[in-house]
Amino acid sequence: MQTIRSVSELRRVVADVRKSHKRIGFVPTMGCLHDGHLALVEASLANCDVTIVSIFVNPTQFAPNEDFGAYPRDFVRDEKLCRAAGVAIVFAPEAKEVYPAQFETIIEPGELANTLCGAFRPGHFRGVATVVCKLFNMVQPDAAYFGQKDFQQCAVVRRMAIDLNLPIEIAIVPTVREVDGLAMSSRNRYLSLEERRRSLAISRGLFAATEEFRSGERDPKRLIGIAKKHLETVDRLQYLELVDTTTLKPAESPLERSAALCVAAYVGSTRLIDNVILSLPAS
Ligand code: AMP
């Protein structure tokens, strides 16, 4: 496995790989890897000849009041995990390599970025779309792997790839959870034991609503209500919404198309997000 820090070296290595017509799979991450990230790596390894993982805590997707400085970083461990998994290249640039002086061009996503997390994190998806587009241009992958846990991010990236005619297959991998249901996240390490216990309200709420949906419930208000009951133990519910999986607009009643039940909640000072898809056949 090679660790590459500069865009120019990455380009050289990628050019060689492309000459041999190998399929390149790309997994963008902010590091502090866990089994959720590794599921994306596995999906790439299964479908591509060469897997490239980027590890870059992207400053432009954090607002000044957010946790950019405190975001957990563990590069040595991340490298080990990548090597053991069978990753070919870890790309870990410095911020100034990605955003040199005079950098000023951005990708501005549209409506998809204004709801859910976007309503509470203005500019977040602009930062995400910009860095993902830049990384796509640096890595030039055939396929890129994203986690359903960041459902809105998947929607924004998929839209960007279509709108900008990026020749990259965007693959979405289901959320990996701890055995008790909590969605894996690098931010889970912020939780105290007591907060970790209370954070289970999030997945329990989503699973309870899924059960009702499977039993035939199609009323968005009732489905949201069922999840909400469980969420009483979080410290602050930022949003709990049932949205159309494509438009991210509030799901229509009764549900006739697949919808995502999405939540963001604070447990202590940690902001956690999660979602489940309530699948219906396309009409
Ligand atoms: P992050 O390092 O948090 O920016 O995440 C990098 C990628 O891993 C994103 O596509 C995430 O959606 C994905 N990811 C994070 N947590 C999980 C999880 N629990 N299951 C599946 N994918 C995940």
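The structure under discussion appears in the preceding block.
Residues numbered from 1 in each chain as written. Predicted model: local features only at pLDDT ≥ 70, side-chain atom pairs only at ≥ 80, totals over all residues. Heavy atoms only, no water.

K.L.:
Which parts of the structure should I look at to understand the overall build of the chain?
P.N.:
Of the regular secondary structure elements, the chain holds 10 helices and 9 strands. Against the globule reference of 19 Å for 283 residues, the chain gives a C-alpha radius of gyration of 19 Å, in line with a compact fold. When the backbone C-alpha atoms are referred to their principal axes, the chain occupies close to 55 × 45 × 40 Å. The centroid of the 35 positive side-chain charges in the chain is displaced by 2 Å from the centroid of its 34 negative side-chain charges. (Helix = DSSP H or I, 4+ residues; strand = E, 2+ residues; numbered from the N terminus. Rg over C-alpha atoms; globule rule 2.2 N^0.38 Å. Lys, Arg positive; Asp, Glu negative; His and termini not counted. Charge placed at Lys NZ, Arg CZ, Asp CG, Glu CD.)

K.L.:
Even after reading the chapter, I still don't get the sheet that holds strand β9 (residues 270-278), so can you show me in this structure?
P.N.:
Read from one edge of the open sheet, 3 strands run β7-β8-β9, paired in antiparallel fashion. Edge positions in the sheet fall to β7 (236-244) and β9, since each of these pairs with one other strand and no more. On average, adjacent strands in this sheet sit at an angle of 10° to one another, irrespective of strand direction. Looking at chain direction, strand β8 (residues 259-267) and β9 are connected through 9 bridges and run antiparallel. What sits directly across from Val267, in β9, is Thr270. Running over the sheet, helix α9 (residues 200-214) touches β8 and β9 and is turned about 15° from β9. (Pairing = 2+ DSSP bridges. Axes fitted to C-alpha atoms, helices over the stretch in contact; angles between N-to-C directions. Contact = heavy atoms within 4.5 Å.)

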